[in-house]
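# Examination of the molecular architecture
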Amino acid sequence: MKTPPLPVSGAGQCTADSSEQLAEAVRRACLEAAVAAYEAAGAQGLCAEGRWEVAVGALRALDLHALLQAGESSSSST
């Protein structure tokens, strides 16, 4: 699953706006990962409980460090 880069303003700066954007991007990435995993598990025939376990596993496996790096690289290229 491809996640859009995080919008981060300035190199190393943390403003209220950039913090809010970061939080929203993390929320979006978590929702996309959970929904995609839940739907894929359903397509494989798992019951609701199994699908939920797969979705939680996807959240645990989400690489937040990669999201942060993508956001930093996108802000330095603008």
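Scoring rules and cut-offs
Sequence order as written defines the numbering, with residues in each chain counted from 1. Local features are withheld for residues below a pLDDT of 70 in this predicted model, meaning they are given only at 70 or higher, and side-chain atom pairs are given and counted only at 80 or more; totals for whole chains, interfaces and linings count all residues. Hydrogens and waters are ignored; side-chain quantities use all the structure's heavy atoms. Only runs of H or I of at least four residues qualify as helices and only runs of E of at least two qualify as strands under DSSP, and these elements are numbered from the N terminus. Exposed residues in this analysis have more than 50% of their type's maximum accessible area, buried residues have under 20%, and partly exposed residues fall in between, with area computed by a 1.4 Å probe over protein chains only. Between two residues, a contact is recorded if the distance between any of their heavy atoms is within 4.5 Å. Calculation of accessible area relied on Shrake-Rupley with a 1.4 Å probe; when residues are assessed, cover is drawn exclusively from the protein chains displayed. Each helix should span, by expectation, one fewer than its residue count multiplied by 1.5 Å. Each residue carries a pLDDT value, the predictor's own confidence for that position, ranging from 0 to 100. Where helices are involved, their axes are fitted lines through C-alpha atoms of the stretch in contact, as for all axes, and angles between N-to-C directions lie from 0 to 180°. Take the far helix as the reference: if the near one is turned anticlockwise from it by less than a right angle, the crossing is left-handed, and if turned clockwise, right-handed. Each residue is assigned to one class: nonpolar for Ala, Val, Leu, Ile, Met, Phe, Trp, Tyr, Cys and Pro, charged for Asp, Glu, Lys and Arg, and polar for all the others, Gly among them.

To continue, consider the overall build of the protein. Scanning the protein from terminus to terminus reveals three helices and zero strands. Each helix and strand of the protein, ordered N terminal to C terminal, gives the series α-α-α. Here the protein, with 78 residues, has 21% of them falling under the buried criterion. Looking at the protein alone, contacts between residues at least 24 apart form 58% of all its contacts between residues at least 6 apart. Total accessible area on the protein stands at roughly 5,300 Å², and carbon and sulfur atoms take up 58% of it.

Turning our eyes to something else, we now look at the environment of Ala58. If you trace the backbone, Ala58 turns up in helix H2 (residues 48-61). Distance in space between the C-alpha atoms of Ala58 and Cys30 is 8.4 Å, their sequence separation being 28 residues. Those residues in contact with Ala58 that lie beyond four places of it in its chain are Ala33 and Ala37.

The end-to-end C-alpha separation of helix H1 (residues 16-43) is 41 Å, in line with the 40 Å expected for 28 residues at 1.5 Å each. Taken together, the buried positions of H1 are Ser18, Ala25, Ala29, Ala33, Ala34, Ala37 and Ala41. Note on H1: the residue one or two positions beyond its end, Gly45, has a positive phi of about 90°.

Moving on: the confidence of the model for the protein. Looking at the protein as a whole, the pLDDT averages 83, with 76% of positions reaching at least 70. Per-element mean pLDDT across the protein ranges from 77 in helix H3 (residues 64-76) up to 97 in H2.

The next thing to look at is the packing of H1 against H2. Two measures define how a pair of helices packs: the angle their axes make with one another and the distance between the axes. Two elements in contact, H1 and H2, have axes whose closest approach is 8 Å; the angle formed by their N-to-C orientations is 145°. The way H1 lies across H2 gives a crossing that is right-handed. For the pair H1 and H2, contact is made by Cys30, Ala33, Ala34, Ala37, Tyr38, Glu39, Ala41 and Gly42 and by Ala48, Arg51, Trp52, Val54, Ala55, Ala58 and Leu59, respectively. Considering only residue class, the contact of H1 with H2 consists of twelve nonpolar, one polar and two charged.

All right, on to the environment of Val26 then. Within the secondary structure, Val26 sits in helix H1. Distance in space between the C-alpha atoms of Val26 and Leu64 is 7.6 Å, their sequence separation being 38 residues.

On to the environment of Ala55, then. Positionally, Ala55 belongs in helix H2. For the pair Ala55 and Glu39, spaced 16 residues apart in sequence, the C-alpha separation works out to 8.7 Å. Not counting the four nearest positions on each side in its chain, Ala55 is found in contact with Ala34, Ala37 and Tyr38.

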